[in-house]
Amino acid sequence: MTAAAEKTNLLGMPKAKMEAFFETLGEKRFRATQMLQWIHQRGADDFDQMTNMSKALREKLKEVAEIRGPEVVYDETSKDGTRKWVMRMDNGNSVETVLIPDGERGTLCVSSQIGCSLDCTFCSTGKRGFNRNLTAAEVIGQVWVARKAFMPFEPGPDRPITNVVMMGMGEPLLNFDNVVDAMNLMMEDLAYGISKRRVTLSTSGVVPALDRLAEVTDVSLAISLHAPNDELRNKLVPLNKKYPIAELLAATKRYFARLPDKRKATIEYTVIEGMNDQPEHARELAELLRDLPCKINLIPFNPFPESDFRRPSMNATRRFQNILNEAGYIATVRTTRGDDIDAACGQLVGRVDDRTKRSQRYIAVQQVNP
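Each value, and the rule that gives it
Residues numbered from 1 in each chain as written. Predicted model: local features only at pLDDT ≥ 70, side-chain atom pairs only at ≥ 80, totals over all residues. Heavy atoms only, no water. Axes fitted to C-alpha atoms, helices over the stretch in contact; angles between N-to-C directions. Helix = DSSP H or I, 4+ residues; strand = E, 2+ residues; numbered from the N terminus. Parallel < 35°, antiparallel > 145°, perpendicular 65-115°, else oblique. Contact = heavy atoms within 4.5 Å. Buried < 20%, exposed > 50% of the residue type's maximum accessible area, 1.4 Å probe, protein only. Pairing = 2+ DSSP bridges. Right-handed = clockwise from strand over helix to strand, strands pointing away. Left-handed = near helix turned anticlockwise from the far one by under 90°. Nonpolar A, V, L, I, M, F, W, Y, C, P; charged D, E, K, R; others polar. Disulfide = S-S within 2.5 Å. 1 Å grid on protein atoms, 1.4 Å probe; cavity = no way out; pocket = protein on both sides within 12 Å on 5 of 7 lines; lining within 4 Å. Points joined across faces, edges and corners; volume = space filled by probe spheres on them.

A word on the packing of helix α7 (residues 207–216) against helix α9 (residues 245–257). In the contact formed by α7 and α9, the axes pass within 9 Å of each other and the chain directions differ by 5°. Considering their axes alone, α7 and α9 lie roughly parallel with respect to each other. On the side of α7, the interface is formed by Val207, Leu210, Asp211, Leu213 and Ala214, while α9 contributes Glu247, Leu248, Ala251, Thr252, Arg254 and Tyr255.

Now for the pairing of strand β11 (residues 220–224). By the criterion of burial, β11 is predominantly enclosed, with five of the five residues buried. Here strand β10 (residues 199–203) runs beside β11; their pairing, made up of four bridges, is parallel. Looking at the pairing, threonine 200 lines up with serine 220 of β11. Following the backbone out of β10, through α7 and into the adjacent parallel β11, one traces a crossover that is right-handed. Where β11 meets strand β12 (residues 265–271), three bridges bridge the pair, whose relative direction is parallel. Bridge pairing links serine 224 to glutamate 268 in β12.

Moving on: the packing of helix α10 (residues 279–288) against helix α11 (residues 314–326). Across the interface, α10 lies against α11 with an axial gap of 9 Å and an inter-helix angle of 30°. Classified by the angle between their axes, α10 and α11 sit roughly parallel to one another. Seen from above, α10 lies across α11 with right-handed handedness. Along the contact surface, α10 presents Pro279, His281, Ala282, Arg283, Leu285 and Ala286, while α11 presents Arg319, Phe320, Ile323 and Leu324. Residue classes in the contact of α10 with α11 are distributed as seven nonpolar, one polar and two charged.

With mixed pairing, 10 strands are arranged side by side in an open sheet as β3-β4-β5-β6-β9-β10-β11-β12-β13-β14. Across the chains shown, the open sheet's two edge strands, defined by having one partner strand only, are β3 (71–77) and β14 (330–333). Adjacent strand axes in the sheet meet at a mean angle of 20°, parallel and antiparallel pairs treated alike. Where strand β5 (residues 94–102) lies against strand β6 (residues 105–109), five bridges are found, and the strand directions are antiparallel. Paired with isoleucine 100 across the bridge in β6 is threonine 107.

What follows is about the state of the cysteines. A full pass over the atoms with the stated rule returns zero disulfides. Of all cysteine sulfurs in the structure, the one in cysteine 120 sits closest to cysteine 116, which takes part in no disulfide; the separation is 6.4 Å. The exposure class assigned to cysteine 116 is buried, which follows from its relative accessible area of 12%. In this structure cysteine 120 comes out as buried when scored by relative accessible area, which is 10%.

Of the pockets and cavities examined, the second largest pocket occupies roughly 320 Å³. Lining of the second largest pocket is provided by 17 residues; of these, Asn9, Asp90, Thr135, Ala137 and Glu138 occupy positions nearest its centre. Ranked by residues supplied to the lining of the second largest pocket, first place goes to helix α5 (residues 136–148) with three residues. Among the residues forming the lining of the second largest pocket, the class breakdown is five nonpolar, five polar and seven charged.

Okay, here's the thing in structure tokens:
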């Protein structure tokens, strides 16, 4: 018998890979359809549940395959209804996944890396350093676990997860293949059947990967911008030194030009007191984006211990918003959700065995400058 550690985890396989897997077993391709439905529409993790497959096939599957999601080590609901899971992955590290309910909408914020290989100055995740990319099974496993928390596990209009945003821990485009496989499962009718308009990938601007993304999917796109010029963005998003704003916006336009329908980019802009919240920043942003069909999501900075940044006043944030609205943009202010359980934007940290030693450097600075 194959050792458990060597078994193939079927949880992260999109349809084409599942069909190929069953062909290696000498089975017909339609078995992939059955398996996808059992895993993602019924929440099954036991092959004996799969009564439309022969006993011989089920026994064969037990030998070579498994359906294994992340282990939940923390599950807490905020006073505002936001729910956060901490999920332990293979090798003992963990990531955080957040569900934000809003009326009939339930938006699940999913992580793509253990920690983050980038180090944006306003984000707590980056201060924990980086361990590794998540597998496709670990990415879609967050959706699977969250969905299993709401029974019965059946598809339909009353499902609790209507939207998925790749905005959790990590930079999704630096885990390209696994994230694409997971997003394909999110949109697969045999799995979760979420509309491509309701699956959103957020990127800080890995331009070559963004161009590659346009060749393989048409999910919605959010650009983590946070500054109206390169000088300021270099300080907030170090990746900008490699892929400056002009290159990022050009790649964004190319992405949307290839879509078969008319959609707008979402521009994410974390508003930080005294850093990027002044009227001149708003006017510069309005000018910068004039040729890009977009909506702008203003995110008041959420404090965390390793940062000296401060949350802007609501007056400053509304003033910023009004300037953008008057310039003709749809600009909204994101309501802070789940901050009492550290589930708000920029606060996700999980547990990261940091391979970069970045977290140790931040701890040392804190000890010198408490």
